[in-house]
Amino acid sequence: MLKELDWKSRYLVAVSGGPDSIFLLTRIVAHEKFKSENFVICHVNYNYRSDSIKDQKIVEQLCHKYNLRLEVMNLQKDYKNLKENFEDFARNVRYNFFIDCAQKFNIWNLLVAHNLNDVIETYLLQKIRNNIVETYGIAKISHYQNLKIIRPLLEKTKSSILKTLDSENIAYAIDSTNFDEKFLRNKIRKNLEESEFQSYSREIKLANIEMKKMQVKRDRFLKENQSENILKINQLDKQSDFSQKMIIAKFILESPFKDVLVFSKKKLLSEIQKICISTKPFILIKTKDNIIMKDFNELKLIKKTEIQTKTNLVNSAKELGEFIDLGEEFLITQINFPVWISNDYNKFKTNPRFNNKTLSKIYSGRKKNYFDRLKIFFILDYEQKSILYIF
Ligand SMILES: Nc1ncnc2c1ncn2[C@@H]1O[C@H](COP(=O)(O)OP(=O)(O)OP(=O)(O)O)[C@@H](O)[C@H]1O
């Protein structure tokens, strides 16, 4: 069961005090090659439940018994004001704490105690939610920043864990929120029978084989159509709905803009997919710091600071020089200041006109894409009745 462990290496072990992680810890200490100095136990007490100190005590007692180093994060928080879902909040806090521990002890392997029931519940949730995932179920090994996360109990059923703990008289905590029906996972858990696990395991295996094939296709598409922060999307509509989402998700998650998808991932992915296959040539989605732009046949990820539009009144050639390169002196002598300088294409695209033509028509003629249109400065007369010059 612990065959993936290298007993000469050092490990952090995430122990909540619940049955799975207590089981994991007791199997580690019972191993013939166990040395206490190779393990650091990490526990987070969220103080979310009134009885959470009991969980902490159970972990403390075990660590004391086996002479194990224990790091506890005791979180004091007013949960009334919590905006996100508690599970997401807790996971975030927990993994940041694990990173702190990894840095403190310079141990970059973490053992967590997910079991086979967790794998199957996760798979069923992924299916219900039609999630875009790298692996269906739970991966045996994954990474969080530089931390390698190893899950040695993925083949163990919950009932076999409980049976062993009970027969060996080992104390563990019972998380009362696990019985809370308001979480979909807990609903799934309640209706699951372990007798169905074999067939679910087969289903997950097949789903992962299919997923691998789709990932190969996705990666080929990205190789042919991606260059840095730009994705060519003219062939995207030939892909299935799910493949389109997989392509867009990887394009964003592997770019410097990956934080865009961290929150509200699903909603944003659908929105981006919609603009990609829309017949409109230009569409923008603005997030806090970034812009996701459909620009003809391309999807672009842009920092807001890259395309700030402005419209300013300027009184002199010197002031004008702050916006544009004034190499063209002949022009300056013809300008009656004050005038407006702008790059706000959206505001002025149809009115006023330059030599009787709209900006939109002129830029189309110059075959300018949308991104470039937002970078071109033009001068308007004081009354904004005509465009005098386009740079
Ligand atoms: N508060 C915590 N402190 C330390 N590790 C935790 C904590 N909560 C969860 N973990 C780790 O993450 C794993 C998965 O978390 P999950 O919430 O599914 O577990 P759990 O319901 O607390 O069950 P158990 O403690 O029995 O593993 C745990 O097995 C444990 O290794």
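Keep in mind that what you see is a predicted model, and the values were worked out from it rather than measured. (Residues numbered from 1 in each chain as written. Predicted model: local features only at pLDDT ≥ 70, side-chain atom pairs only at ≥ 80, totals over all residues. Heavy atoms only, no water.)

(A) Representation of the sheet that holds strand S5 (residues 141-144) in the model. Read from one edge of the open sheet, 6 strands run S3-S2-S1-S4-S6-S5, paired in mixed fashion. Two strands in the sheet have a free side with no partner beyond their single neighbour: strand S3 (69-74) and S5. Adjacent strand axes in the sheet meet at a mean angle of 30°, parallel and antiparallel pairs treated alike. Strands in contact with helix H1 (residues 19-30) are strand S1 (11-14), strand S2 (39-45) and strand S4 (109-111); relative to S1, the strand with the most contacts, it is inclined by about 145°. Its contacts with the sheet place helix H3 (residues 86-105) against S1, S2, S3, S4, S5 and strand S6 (147-150), and it is angled at close to 140° to S3. (Pairing = 2+ DSSP bridges. Helix = DSSP H or I, 4+ residues; strand = E, 2+ residues; numbered from the N terminus. Axes fitted to C-alpha atoms, helices over the stretch in contact; angles between N-to-C directions. Contact = heavy atoms within 4.5 Å.)

(B) Looking closely at the sheet that holds strand S12 (residues 311-314). One open sheet accounts for 4 strands, arranged S12-S13-S14-S15; its pairing is antiparallel. Edge positions in the sheet fall to S12 and strand S15 (387-390), since each of these pairs with one other strand and no more. Strand-to-strand, the axes of this sheet are offset by a mean angle of 25°, without reference to chain direction. Across 3 bridges, strand S13 (residues 339-342) lies against strand S14 (residues 378-380) in antiparallel orientation. Its bridge partner lying in S14, Trp340 is registered against Leu380.

(C) Summary view of the UniProt feature "binding site: ATP" (unreviewed entry) in the chain. Feature annotation in UniProt assigns "binding site: ATP" (unreviewed entry) to the following positions: Ser16, Gly17, Gly18, Pro19, Asp20 and Ser21. Here Ser16 is to be found in the loop between S1 and H1. Setting aside residues no more than four positions away along its own chain, Ser16 makes contact with Ser21, His43, Asp55 and Val59. At 3.1 Å, the side chain of Ser16 forms a polar contact with the backbone nitrogen of Gly18. Aside from chain neighbours lying at most four places away, what touches Ser21 is Ala14, Val15, Ser16 and Ala113. (UniProt positions renumbered as here; feature names shortened; annotations may be inferred. Polar contact = N/O pair within 3.5 Å; in protein donor to acceptor, adjacent residues only side chain to side chain.)

(D) Structural view of the pattern of salt bridges. Throughout the structure, instances matching the rule amount to 22 salt bridges. Put simply, Asp219 and Lys250 hold a salt bridge, and the shortest N to O gap is 3.0 Å. One end of the pair, Asp219, is in helix H7 (residues 197-225); the other, Lys250, is in helix H8 (residues 241-253), with 31 residues separating them in the sequence. For Asp219, a relative accessible area of 30% translates into the label partly exposed. Through salt bridges that share partners, Glu134, Arg218, Asp219, Lys250 and Glu254 make up one connected network. (Salt bridge = Lys/Arg side-chain N within 4 Å of Asp/Glu carboxyl O. Buried < 20%, exposed > 50% of the residue type's maximum accessible area, 1.4 Å probe, protein only.)

(E) Region of interest: unusual backbone geometry. The peptide bond linking Phe337 to Pro338 adopts the cis configuration, its omega dihedral lying at 0°. Position of Pro338 relative to the elements: it lies in the loop between helix H11 (329-334) and S13. Located in the positive-phi region is Asn106, a residue other than glycine, with phi close to 50°. Relative to the helices and strands, Asn106 resides in the loop between H3 and S4. With phi around 50°, Gln145 is a residue other than glycine that occupies positive phi space. Mapped onto the secondary structure, Gln145 falls in the loop between S5 and S6. Residue Gln145 is classed as exposed on the basis of its relative accessible area of 55%.

(F) How the structure looks around the site of the ligand. Close to the ligand lie 17 residues, the nearest being Ala14, Ser16, Asp20, Ser21 and Val44. One of the side-chain nitrogen or oxygen atoms of Ser21 is found 3.0 Å away from an oxygen atom of the ligand. Contact distances for the ligand include 3.4 Å between a nitrogen atom and a side-chain N or O atom of Arg94. Summarising the interface, the protein chains cover 86% of the accessible area of the ligand, which totals 560 Å² for the free molecule. Taken together, the residues of the shell around the ligand break down into 9 nonpolar, 6 polar and 2 charged. (Near = heavy atom within 4 Å. Areas by Shrake-Rupley, 256 points an atom, 1.4 Å probe, with all protein chains shown as cover. Nonpolar A, V, L, I, M, F, W, Y, C, P; charged D, E, K, R; others polar.)

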